[in-house]
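# A structural walkthrough
What follows is the residue order along each chain.
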Amino acid sequence: MDALVIKKANAMPAPTWSWLKMNETKVAVPAGLERDCQVVIENAGDLLEAHASFEGAVEKLQQRVDARRGDADTRAILRAAQGHDAGASDLDTPALSSYEKKVALSQIAGDVAADFETGVGHDARAYLNFLAGGTAVLATEPGDEASATVRVSARPGTSSSASIDVVAAEDSELDLAISIDAACGADQAAFAGSALRVFAGERSRVNVTVYLTCGAGVTCVEDSGFILDDDARVTVRHVVLGGSFTATGLAADLRGDRSRIDIDTSYLGAGADERDFNYIVRHRGKKTECNLDANGVLTGTSKKILRGTIDLMHGAKGAQGNERETVLLANKGVDNKTVPMILCDEDDVAGNHGATIGHVRPEQLFYMGCRGLSEKQAEELFISAKLEDAAITAPDEQMRDNVVRLASTLVDNFEEEIA
């Protein structure tokens, strides 16, 4: 397969200062890869029965959204978006940026399907779906409690992806674990990824855990989009440990009142790895809540950028969004960028963001050096701590083994230590 570059991936919804070059990224898929989809779905049972679809669930939600829409919204921003200009008789009509116009037209339409988005973006999702060759649907029945595991693997010289739709019926609970793994060396190119769409029905609970443990020569893309109905709860755990370049993106539409999403991201950047994250949470329902937490370690000459956007949209009264990141910079050669953003078009809301970035201080390195540890060994301590935590909390034994295999390429005697 020829080389492919996916442009405008992991794009922020509202661009900021372009000279910082943080608004988006490019995903370069290595040339010469053979399409070889290696995907296994385990323990799915009746979930794979075709009794529901993502599009069907969205259509039913749309009917209820339309039924409870109130009187026509006559705000000045909406008049401006529609091109209404009463001249001097209406001085309240504002000038709009392209982003403000797009959002205003979206609010006028109220189209759930049209508003659906994923974190990495349309082009990346299209490529991942092409690789997968088809989409598996995991759907629960009302009141069900179920779990499933999806394993995506890639061999050197190949590209592989999974495409998964999750439809959680009302009052049901689903635990989904996704493993993206490729045991490739630094000189062995490969591509691995997954595309995930989740519809969380009324009062449902959906828990998603993604482990990315690819080798040093692998390009990885993990893309997901979520729609939450009334009182739905979603938790997402991203564990990104390997891969020469990784793009992780998530977008969530908190359409339902009192819906909530919690996102916990743990990452490691070692050597010359590049980590790129993009999280977008749109609060549309009343009293909605999101929590974005990220914790990472960067060593060597690795690079990382994390974009986190909380959009408190008009009508989301009582909504609350929080985002926090803690980063340990274990080497002076790393490049760390964090872009927290809060957009707001509602008054009765709360938005909070913060980042804690810490360096390993010279006196700490001196202390460890006095006890016989080289700077490389000191870095390995921080790497080991991140990998040990991932191994201990892995959803199953196979994912734990993937972590241990990757860790053994980064830290001497890791397997013996954790045993």
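Residues numbered from 1 in each chain as written. Predicted model: local features only at pLDDT ≥ 70, side-chain atom pairs only at ≥ 80, totals over all residues. Heavy atoms only, no water.

## Here we look at the side chain of Ser172
Examined against the element boundaries, Ser172 turns out to sit in the loop between β7 (158–168) and β8 (173–181). A distance of 2.8 Å separates polar atoms of two side chains, one belonging to Ser172 and the other to Thr140. (Helix = DSSP H or I, 4+ residues; strand = E, 2+ residues; numbered from the N terminus. Polar contact = N/O pair within 3.5 Å; in protein donor to acceptor, adjacent residues only side chain to side chain.)

## A word on helix α8 (residues 397–410)
At 3.6 residues per turn, the α-helix brings residues three or four places apart onto the same side. The end-to-end C-alpha distance of α8, which contains 14 residues, comes to 20 Å, matching closely the 20 Å that a straight helix rising 1.5 Å per residue would cover. Listed as buried for α8 are Met399, Asn402, Val403, Val404, Leu406 and Ala407. The distance from a side-chain oxygen at the start of α8 to the backbone nitrogen of Gln398 is 3.2 Å, and the residue carrying that oxygen is Asp396. (Expected span 1.5 Å × (residues − 1). Buried < 20%, exposed > 50% of the residue type's maximum accessible area, 1.4 Å probe, protein only.)

## Remarks on the layout of surface pockets
Over the atoms rolls a probe the size of a water molecule, and its path tells where empty space is left. What the largest pocket holds in volume is close to 850 Å³. Arg69, Gly70, Gln107, His314 and Gly315 are the residues nearest the centre of the largest pocket, which is lined by 26 residues in total. Looking at the lining of the largest pocket, the elements that each hand over two or more residues are α2 (76–81) and α3 (98–109). Here the lining of the largest pocket gets three residues from one element, more than from any other, and that element is α3. When grouped by side-chain class, the residues that make up the lining of the largest pocket number five nonpolar, eight polar and 13 charged. There is about 680 Å³ of room inside the second largest pocket. Where the lining of the second largest pocket is concerned, the elements lending two or more residues are β1 (4–9), α3, α4 (112–115), α5 (122–132) and β15 (274–283). A per-element tally of the lining of the second largest pocket places α3 first, with five residues. (1 Å grid on protein atoms, 1.4 Å probe; cavity = no way out; pocket = protein on both sides within 12 Å on 5 of 7 lines; lining within 4 Å. Points joined across faces, edges and corners; volume = space filled by probe spheres on them. Nonpolar A, V, L, I, M, F, W, Y, C, P; charged D, E, K, R; others polar.)

## What about unusual backbone geometry?
The backbone of Lys21 sits at a positive phi, close to 55°, despite the residue not being glycine. Of note, Lys21 is situated in the loop between β1 and β2 (25–29). Its identity is not glycine, yet Asp171 carries a phi of approximately 65°, on the positive side. Its place among the elements puts Asp171 in the loop between β7 and β8. Judged by relative accessible area, Asp171 falls into the partly exposed class, the value being 40%.

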